[in-house]
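# Descriptive structure summary
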Amino acid sequence: GAVVSQHPSRVICKSGTSVKIECRSLDFQATTMFWYRQFPKQSLMLMATSNEGSKATYEQGVEKDKFLINHASLTLSTLTVTSAHPEDSSFYICSATTTGVVETQYFGPGTRLLVL
Amino acid sequence: AQSVTQLDSQVPVFEEAPVELRCNYSSSVSVYLFWYVQYPNQGLQLLLKYLSGSTLVKGINGFEAEFNKSQTSFHLRKPSVHISDTAEYFCAVSGEAGTALIFGKGTTLSVSS
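A quick note: this is a predicted structure, and the numbers were derived from the prediction, not measured.

What counts and how
Residues numbered from 1 in each chain as written. Chains lettered and ligands numbered in written order. Predicted model: local features only at pLDDT ≥ 70, side-chain atom pairs only at ≥ 80, totals over all residues. Heavy atoms only, no water. 1 Å grid on protein atoms, 1.4 Å probe; cavity = no way out; pocket = protein on both sides within 12 Å on 5 of 7 lines; lining within 4 Å. Points joined across faces, edges and corners; volume = space filled by probe spheres on them. Helix = DSSP H or I, 4+ residues; strand = E, 2+ residues; numbered from the N terminus. Nonpolar A, V, L, I, M, F, W, Y, C, P; charged D, E, K, R; others polar. Contact = heavy atoms within 4.5 Å. Polar contact = N/O pair within 3.5 Å; in protein donor to acceptor, adjacent residues only side chain to side chain.

### Points about the layout of surface pockets
For the largest pocket, the calculated volume is near 520 Å³. Per-element tally for the lining of the largest pocket: the top contributor is strand S10 (residues 87-94) of chain B, with three residues. Classifying every residue of the lining of the largest pocket by side-chain character gives seven nonpolar, 10 polar and five charged. Here the second largest pocket is characterised by a volume of approximately 310 Å³. Lining the second largest pocket are 13 residues, with Met45 and Leu46 of chain A together with Leu101, Ile102 and Phe103 of chain B sitting closest to its centre. The element that contributes the greatest number of residues to the lining of the second largest pocket is strand S5 (residues 44-51) of chain A, accounting for four residues.

### Quick look at the interface of chain A and chain B
At the interface, 18 residues of chain A touch 21 residues of chain B. Between the two partners, chain A and chain B, sit five residue pairs in polar contact (both at pLDDT 80 or more). Taken together, the elements giving at least two residues each to the side of chain A that touches chain B come down to strand S4 (32-38), S5 and strand S9 (90-97) of chain A. Of all the elements, S4 of chain A adds the most residues to the side of chain A that touches chain B, at four residues.

Shown next, in the form of structure tokens:
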């Protein structure tokens, strides 16, 4: 089956620094990638939809200047948390879909971000 | 707008007992329905999905779900659970192709011996 990887799997950073999370589709071309955020013991909340070669579409309440998303190729999307603060600590999960295939999203293993 | 309601936040069961995790959805368009499982500190694994066709869908690990359009439900079942089935289960809905999934709040399945 299709595989999506995320890097890093875990990151700890100081408040005020920026963190970049990569999401890669390893064996297929992903025209669309989604970024979700999951707080402890809660559901996944969609943050943004990323289409290759175009600007990401952010959900209401998600700061586009804080969560920078780049989808430069059909196999890579990045999420950069700028000037991270402790409240940004969360589990970030990406997923990817392909065109021409029935609706299925393939999820990455997630990235645990802890901001001190 | 679409939404998903998982009626039970926690379901405790004994090993080898049957289990049903309930999921109801609302949508004004045709839907695709999914069940995912999440083990601690891990990402999501697809259990099964309903796209079209037969309303009874069989997935991995012995799970199955039935799509009921009139009741707008997609309940997940397993006839005999194992300790290893202990995890968080999420029901999700998607509308048009290429759109994001809307997740329910999740159900914690706890299997004890």
